[in-house]
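Below are the chains, spelled out letter by letter.
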Amino acid sequence: MLQTSVKPHSQPDPGYSDEALGHYCGLAGIRSRHEADVSRDLFYMLFAQQHRGQEACGIAWDAAGRVMVDKRLGMVSGSAERWLGSPVRSKAGIGHVRYATHGGGGIANAQPLAVSCIKGELALGHNGNLSNGGAIRSALFQQGAIFQTTSDSELFLHRISRSPKQGLEETLRDALSGVEGAYSLAMLWDGALIAARDPMGFRPLHLARRDDTWYVASETCALRALGILSWREIEPGECVVIDDTGPRSFFLPPAQKKARCIFELIYFARPDSYIFGRSVYGSRKALGAAIADLDELKPDVVIPVPDSGTLAAMGYSERSGVPFAMGLTRNHYAGRSFILPNKGERELAVRMKLHAVEEVVNGKCVVIVDDSLVRGTTSGIIVRLLKEAGAKEVHLRLSSPELKWPCYYGIDIPTREELISNSLDEKGIAEHIGADSVRFLPVAATRACLNAPNGEYCCACFDGNHPCQLKDC
Ligand code: AMP
């Protein structure tokens, strides 16, 4: 087992960088009354949440009051030997998988981040993005703070260390006040596990117990991976501190409204998870059924863009009675196309990943369902593949509204100019990608089928109503 005690990284960072924008990430945490194989349980929890980030992964644990970290670039499976082979025994540990956007990777940004400071030894994993991270960073920089990463997650550690307050609760309250945007946190501090969620509740976070051990996870699929079948959502604004006496909660000042990220349900979370108290599987099927309700077409077959459109296509099929089939196969060994920096590379990657099944689409009027349209790269290629395989008509249906705005809270959405729905309407997009028609699910219908009264979800990427503004400096 490679054990790195907390040492500063050697990469100076002159200030805030765009690279920090856009990371979803996944969190895991464990606190037991007795020593347990924490690296083993963290491994399984992170492995189950691999879809939340493939660029880097890491764990930190408490070793008699000291914080130890082991992190690496790449997938969780790469750590199997170290974390499963001779598991670390401890009462407390946290883990993180990181999704980095263009150029934002690198081991320096991998988490958990660990520091030694006036408040003790701390380790932190963060999911989300701060809308005022730029402003906080500039202010700290002016005061002489030294940064090791380009990620705004580090700002929490600076604020904790510099807080004039004493005691864990008062210090955390102070450090988190004035921090705006999305944060779900898992932290180790003085042998305690701390799990905290921002008052708007952008990103998910869950708490579960088995016997004398408490678990924290972004998604419930990580708890199921350990055979844990009951849990509760950590509330927006709730900070849970778990030590030998068990968990206790305190609450940050409440936000005026909640802003749960609707994109978690549409695309990001794993279908067997429950997010914001809802089944992801059921939510995606409901979105698909809602598209069918609005559609006047009578296609021969409905097919998904695998995997992200599969459940919505099933929902469409069940509601409309149109047969469902897998008209595209996916090569699971192909990497992520979305993140590649240029159009040519993205196109090639999509061609490597998706293949039309002639037998399903030849001579047919096909409805193809995907969860979202971003730049239009994937769908343009898919339409060509389906037509090459003999599809008579190809109609694209999206189980979400038109993406028009950037996300400041951690979803990797490119610039407004790159978002195809800012320059073309449904008809224009259909022409551009060579489809016979394109239809999005309107914002109101999307909210309605996820049972959200106005304001419950953050839909800023669709409607531009950002619940907190971007503050760069
Ligand atoms: P595009 O080809 O740019 O239109 O991207 C659309 C595809 O990317 C859809 O199949 C989505 O499932 C997927 N997608 C949407 N948002 C993201 C994201 N933030 N990260 C990775 N993939 C995404």
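Residues numbered from 1 in each chain as written. Predicted model: local features only at pLDDT ≥ 70, side-chain atom pairs only at ≥ 80, totals over all residues. Heavy atoms only, no water.

Asks: Help me understand the overall build of the chain, please; the structure alone is not making it clear to me.
Replies: If you tally the helices and strands in the chain, you get 15 helices and 24 strands. Against the globule reference of 23 Å for 473 residues, the chain gives a C-alpha radius of gyration of 22 Å, in line with a compact fold. C-alpha extents for the chain along the principal axes are approximately 70 × 45 × 40 Å. Burial status across the chain gives 59% buried among its 473 residues. Here the contacts in the chain between residues at least 6 apart in sequence split such that 71% fall between residues at least 24 apart. (Helix = DSSP H or I, 4+ residues; strand = E, 2+ residues; numbered from the N terminus. Rg over C-alpha atoms; globule rule 2.2 N^0.38 Å. Buried < 20%, exposed > 50% of the residue type's maximum accessible area, 1.4 Å probe, protein only. Contact = heavy atoms within 4.5 Å.)

Asks: Sorry, what's going on with the pairing of strand 18 (residues 301-304) here?
Replies: Side-chain direction in a regular strand flips from residue to residue, so the side chains alternate between the two faces of the sheet. Residues Val301 and Ile303 point to one face of strand 18 and Val302 and Pro304 to the other, with burial holding for every one of them. Taken together, the four bridges between strand 18 and strand 21 (residues 365-370) define a ladder with parallel strand orientation. Counterpart to Val301 in the pairing with strand 21 is Val366. (Pairing = 2+ DSSP bridges.)

Asks: Quick question: what am I supposed to make of the sheet that holds strand 18 here?
Replies: Pairing between sheet strands relies on hydrogen bonds along the backbone, with the strands arranged either parallel or antiparallel. Across the sheet, four strands lie side by side as 18-21-22-23; this open sheet has parallel pairing. Every other strand in the sheet has two partners, leaving strand 18 and strand 23 (437-439) as the edge strands with one partner each. If you compare each strand with its neighbour and ignore which way they point, the axes differ by 20° on average. Sheet topology places strand 22 (residues 393-398) next to strand 23; three bridges connect them, and they run parallel. From the neighbouring strand, His395 faces strand 23, where its bridge partner is Ser437. (Axes fitted to C-alpha atoms, helices over the stretch in contact; angles between N-to-C directions.)

Asks: In this structure, what is going on with the packing of aromatic side chains? I would like to understand it.
Replies: Aromatic ring pairs are reported here in terms of the distance separating the ring centres and the angle at which the planes meet. Within the structure shown, the criterion is met by 12 aromatic pairs. Between Tyr408 and Tyr409, the aromatic rings sit 5.9 Å apart at their centres with planes inclined by 75°, giving edge-to-face as the arrangement. This pair shows no difference in class: Tyr408 is buried, exactly as Tyr409 is. Among the aromatic side chains, those forming a connected cluster through ring pairs are Phe43, Tyr44, Phe47 and Trp83. (Phe/Tyr/Trp six-rings, centres within 6.5 Å; stacked < 30°, edge-to-face > 60°.)

Asks: How should I be thinking about the pattern of salt bridges in this particular structure?
Replies: Oppositely charged side chains can form a pair if their charged atoms are brought close together. All chains considered together, the criterion is met by 33 salt bridges. With a shortest N-O distance of 3.0 Å, Arg173 and Glu169 are connected by a salt bridge. Of this pair, Arg173 and Glu169 both sit in helix 5 (residues 168-176), four residues apart, roughly one helical turn. Under the relative-accessibility criterion, Arg173 is labelled partly exposed at 27%. What makes Glu169 partly exposed here is its relative accessible area of 32%. Measuring nitrogen to oxygen at the nearest pair gives 2.7 Å for the salt bridge that ties Arg397 to Asp295. Linking Arg397 in strand 22 with Asp295 in the loop between helix 8 (280-294) and strand 18, this pair joins segments that are 102 residues apart in sequence. Exposure remark for Arg397: the relative accessible area of 1% places this residue in the buried category. (Salt bridge = Lys/Arg side-chain N within 4 Å of Asp/Glu carboxyl O.)

Asks: So what exactly am I meant to see when it comes to helix 8 here?
Replies: Given 3.6 residues to a turn, an α-helix orients residues that are three or four positions apart in the same direction. Taking 1.5 Å as the rise per residue, helix 8 with 15 residues should run 21 Å; its terminal C-alpha atoms sit 22 Å apart, in good agreement. For helix 8, the complete set of buried residues consists of Val280, Ser283, Arg284, Lys285, Leu287, Gly288, Ala289, Ala290, Ile291 and Ala292. The opening residue of helix 8, the one whose side-chain oxygen lies 3.3 Å from the backbone nitrogen of Tyr281, is Ser279. (Expected span 1.5 Å × (residues − 1). Polar contact = N/O pair within 3.5 Å; in protein donor to acceptor, adjacent residues only side chain to side chain.)

Asks: Looking at this structure, how should I read the domain arrangement of the chain?
Replies: Where interface size is quoted, it is often the accessible area lost as the parts come together. For the chain, the domain assignment lists domain 1 (3-256) and domain 2 (274-463). With centres defined by C-alpha atoms, the gap from domain 1 to domain 2 works out at 33 Å. Opposite the 26 residues of domain 1 that make contact, domain 2 presents 16 residues. For the pair domain 1 and domain 2, the summed buried surface comes to about 1,600 Å²; carbon and sulfur atoms form 58% of the total. For the pair domain 1 and domain 2, the number of links is zero salt bridges. The interface formed by domain 1 and domain 2 holds five residue pairs in polar contact (both at pLDDT 80 or more) in total. When the residues that make up the side of domain 1 that touches domain 2 are grouped by side-chain class, the tally is eight nonpolar, 13 polar and five charged. (Domains from an automatic or database assignment. Buried area = accessible area lost by both parts, 1.4 Å probe. Nonpolar A, V, L, I, M, F, W, Y, C, P; charged D, E, K, R; others polar.)

Asks: Is there a simple way to explain the site of the ligand in this structure?
Replies: Lining the immediate surroundings of the ligand are 16 residues, of which Tyr24, Asp370, Asp371, Gly376 and Thr378 lie closest. Taking Val374, its main chain carries an N or O atom lying 2.9 Å from an oxygen atom of the ligand. With respect to the ligand, the backbone of Arg375 contributes an N or O atom lying 2.8 Å from an oxygen atom. In isolation the ligand exposes 500 Å². Once the protein is present, 94% of that is buried. Those elements that place two or more of their residues in the shell around the ligand are helix 7 (262-268) and helix 12 (377-388). Tallied by class, residues from the shell around the ligand come to seven nonpolar, five polar and four charged. (Near = heavy atom within 4 Å. Areas by Shrake-Rupley, 256 points an atom, 1.4 Å probe, with all protein chains shown as cover.)

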